[in-house]
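# Descriptive analysis of the structure
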Amino acid sequence: MIDKYQSIKTIKGIFIHTFLMSVALTCLLPLLWMVRCSLMTNRAIFTDKSLIPHEIHFANYLEAWSKGNFGAYFLNSVIYTTCVVFGIVIISSLAAYAFSRLKFPGRNFFFYMFVAAMMIPLPGSFVPLFVLMNKLGLINTRFGYVLCMINVGLSMSILLLKTFFDKMPKDLEDAARIDGCGRLGIWWNVALPLARPAIAVIVIFNSLNVWNEYILAQLLLTNNSLMPLQRGIMHFAETNSVDYHLLMAGLTIAALPIVGIYLLMQKHIIKGLSSGAVVG
Amino acid sequence: MNAITKPKFLYSKGFDTFKNFLFTLPAVSIFTIFYILPFYFIFNLSMHEWNGISPTMTFVGLENFAELMGDEIWWKSMWNAAYITLIALTLQNMVAFALALACDRDIRMKKFYRVVFFIPPVLSEVVVGLIWRWILEAGKQGGEYYGLLNYYLHKIGLVSLVNDWLSDPETALSCIAVVHCWKGFGWGFIMLLAGLQTIDKQLYEAARVDGANSWQTFKNVTVPMMVPVILVVVILTVLGSMQVFVLVMSMVGQGLVYHTDVPVLRILSAMDGTKRFGYACAMGVNFGLILIMVSVFFKIISNRMKQA
């Protein structure tokens, strides 16, 4: 009887693992294929079909890097991501702290305005945004793009931080107030450090979002020297459509850092995502 | 007393309240300029004919919307997006749910699976699209297909299935939909898994004590407890899939206009291509309203299910 139970369990286990493994392989194979192709010569790609290439050409990366001008794109993406994420954290935590703790007329109105913005999808908003930026003279400026992207992440971050601040005990703030801390001091010294878990979620979500953003970058930044990485790859793909080895090397360059950072921080990312999912 | 005395109003209650408001000022001003103003602009522009450059716009009332009603390509693109959404809702979410259920139990390598399933979602749509374009490539060199899929189809003898996947109007949209699912299922998986882990294990035990088999437990414990999470996943899937377009752009470009066009791409080409800003805004308003109606529809369903 026990043996039968055991064997059923084993068969079930094998079945489940086969399923999970096949999906995992479907996730990984395209990426391995990309890396594989990026290490071969263009001729070898068409003749050699083994998964591990016979000759390995790391020079492809150098060639793609210089030919696609990836250095500049990379730097741009890093600048945009850091500025936007930093801006979102400061601005949204200030606002969320006020919505949660400070009193002023219209507090609820402004808060629900941000919440409503999350509920109303505005799919064509890039058209009026482009018109507006044109009027303001912010087309082709880093500043304009960063401001637009801050706005994209603002609502969600404010909502997340406000729920967090609401649950935070008030005692610490009272203690700080007795010690002579002002509003700004309490926000900086008490609220922000305590909100670290929520801020981590915000940083993760928004970094991914800004790093992978495409449409606004295409419309607002037509100048080649201002383009972020995603635009750069697309541009590179359009101009190098026959050099598959270079294209794959370029894609690997673009994908590797984000996958690397993800693998390094996956524990925090998945924890943050799960908690964010339960809140949402 | 100091030599310089501050004006009296700085100590008043009203100024104190104003200082409270100042905390939200950066957020409110950015929001006003980059959300509310465009919101007004999109409605305003949708009632004008404007090429984006000329200093004058002509007011045309609701003509853009009337034209939109008869715009066959627009509705076709809407249908294409709905098709992608339908596949994402069924294929992607079912796979995600099955994976989440499998990972919720005590199995080995749980962590490995969890990490791997979330790799596609962290990649950008541009990268994903370009990788898959290369895999689905149909070209031949020296008598052999060099696209991965066609090469293996040919090799294992399924020659009849070899296809020019992304240029064939019959298959292009389905390919895009499947790649979209490949990229997106990790989100659903993580959220559903998080939901499953919040279910009280005592409920399962109680069901087992009452003699329920695993299917009955699933039907009567897991599913009812998961309804709120499932609905969040469904709404996010619908909103995300309807607005897909970078993937389409990187996989097929604007080559197969009619067969793979999606609404956002239409808006973009009305604005960037034909320079009809008013028409593009009308499309945006129309599409936005449809999306709101769809999410309200799901909200109503969810409320019904909660009551039941």
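Residues numbered from 1 in each chain as written. Chains lettered and ligands numbered in written order. Predicted model: local features only at pLDDT ≥ 70, side-chain atom pairs only at ≥ 80, totals over all residues.

### Some remarks on the overall build of chain A
In plain terms, the rule: Think of it this way: any DSSP run of H or I at least four residues long counts as a helix, any run of E at least two long counts as a strand, and we number them from the N terminus. Computation of the radius of gyration draws on C-alpha atoms alone. For the globule rule, the value is 2.2 Å times the number of residues to the power 0.38. The exposure label follows from counting other C-beta atoms within 10 Å of a residue's C-beta, where the C-beta atoms are placed from the backbone and the thresholds are 20 or more for buried and 12 or fewer for exposed, leaving partly exposed in between. A pair of residues counts as a contact when their C-beta atoms, built from backbone coordinates, are separated by no more than 7 Å.
Scanning chain A from N- to C-terminus turns up 13 helices and zero strands. For chain A, the N- to C-terminal ordering of α and β elements is α-α-α-α-α-α-α-α-α-α-α-α-α. Its C-alpha atoms give chain A a radius of gyration of 24 Å, more than 25% over the compact-globule value 19 Å for 280 residues. Principal axes of the C-alpha set define a box for chain A whose edges measure 75 × 75 × 35 Å. For chain A, with 280 residues in total, the buried portion stands at 41%. Long-range contacts, defined here as pairs at least 24 residues apart, represent 76% of the contacts in chain A between residues at least 6 apart.

### Re the interface of chain A and chain B
Counting from both sides, the interface comprises 68 residues of chain A and, opposite them, 69 residues of chain B. Per-element accounting of the side of chain A that touches chain B gives the leading share, 13 residues, to helix α13 (residues 244-279) of chain A.

### Side note on the environment of T237 of chain B
All names here are of chain B. Checked against the element boundaries, T237 lands in helix α11 (residues 214-242). Exposure remark for T237: the 21 C-beta atoms within 10 Å place this residue in the buried category. Separated by 53 residues in the primary sequence, T237 and G184 place their C-alpha atoms 8.4 Å from one another. The contact partners of T237, leaving out residues within four places of it in the chain, are A88, L89, Q92, N93 and G188.

### Considering the environment of L273 of chain A
Within the element layout of this structure, L273 of chain A appears in helix α13. Spatially, the C-alpha atom of L273 of chain A lies 40 Å from that of N42 of chain A, the residues being 231 residues apart in sequence.

### Notes on unusual backbone geometry
Residue and element names in this part refer to chain A. Phi is positive for N69, which is not a glycine, with a value near 60°. Examined against the element boundaries, N69 turns out to sit in the loop between α3 (59-67) and α4 (70-101). In this structure, N140 takes a positive phi of about 60° despite not being glycine. Within the element layout of this structure, N140 appears in the loop between α6 (126-136) and α7 (142-167).

### Thoughts on the domain arrangement of chain A
Interfaces are frequently sized by the accessible area removed from exposure as the parts join. The condition that has to hold: For the purposes of this description, domain bounds are those given by an automatic or database domain assignment.
Domain assignment breaks chain A into domain 1 (2-59) and domain 2 (69-239). Of note, the centres of domain 1 of chain A and domain 2 of chain A, computed from C-alpha atoms alone, are 38 Å apart.

### Quick notes on the packing of helix α12 (residues 229-239) of chain A against helix α7 (residues 125-135) of chain B
Convention followed: Under this scheme, a helix contributes an axis fitted over its contacting stretch, all axes are lines through C-alpha atoms, and angles between N-to-C directions fall in the 0 to 180 degree range. In this scheme, roughly parallel covers angles under 35 degrees and roughly antiparallel covers those over 145, while 65 to 115 is roughly perpendicular and the rest are oblique. Residues were grouped as follows: Ala, Val, Leu, Ile, Met, Phe, Trp, Tyr, Cys and Pro as nonpolar; Asp, Glu, Lys and Arg as charged; and all remaining residues, including Gly, as polar.
Running from N to C, α12 of chain A and α7 of chain B cross one another at 25°; their axes reach a closest spacing of 9 Å. Taken together, the axis directions place α12 of chain A and α7 of chain B in an arrangement best described as roughly parallel. Contacts from Q230, I233, M234 and A237 of chain A of α12 of chain A reach α7 of chain B at V126, V127 and L130 of chain B. The residue inventory of the contact of α12 of chain A with α7 of chain B, partitioned by class, reads six nonpolar, one polar and no charged.

### A short note on helix α9 (residues 183-194) of chain A
Residues and elements named next belong to chain A. Operational definition: The length a helix should cover is 1.5 Å for every residue beyond the first. Arc definition: it is the arc formed by the directions from the helix axis to the C-beta atoms.
In this model α9 runs 15 Å from its N-terminal to its C-terminal C-alpha over 12 residues, within 8% of the 16 Å that 1.5 Å per residue would give. Taken together, the buried positions of α9 are I186, W187 and A191. The buried residues of α9 all sit within an arc of 100° when viewed along its axis, so they share a single face. In this structure, the buried side of α9 is in contact with α4, α7 and α8 (171-178).

### Overview of the confidence of the model for chain B
Selection criterion: Every residue is assigned a pLDDT by the predictor, reflecting its confidence on a scale from 0 to 100.
Mean pLDDT over chain B: 85, with 93% of residues reaching 70 or higher. Reported for the predicted complex are a pTM of 0.88 and an ipTM of 0.87.

### Observations regarding the nonpolar core
How we decide: In plain words, the nonpolar core is the set of buried Ala, Val, Leu, Ile, Met, Phe, Trp, Tyr and Cys residues that C-beta atoms within 7 Å link up.
Counting residues in each nonpolar core, the largest one holds 162 residues, and the members touching the most others are V127 and L251 of chain A together with V127, I176 and V248 of chain B. The residue makeup of this core includes at least three contributed by each of domain 1 (2-59) and domain 2 (69-239) of chain A. Filtering out sequence-adjacent residues up to four positions away, L251 of chain A remains in contact with M34 and I233 of chain A together with V127, L130 and I131 of chain B.

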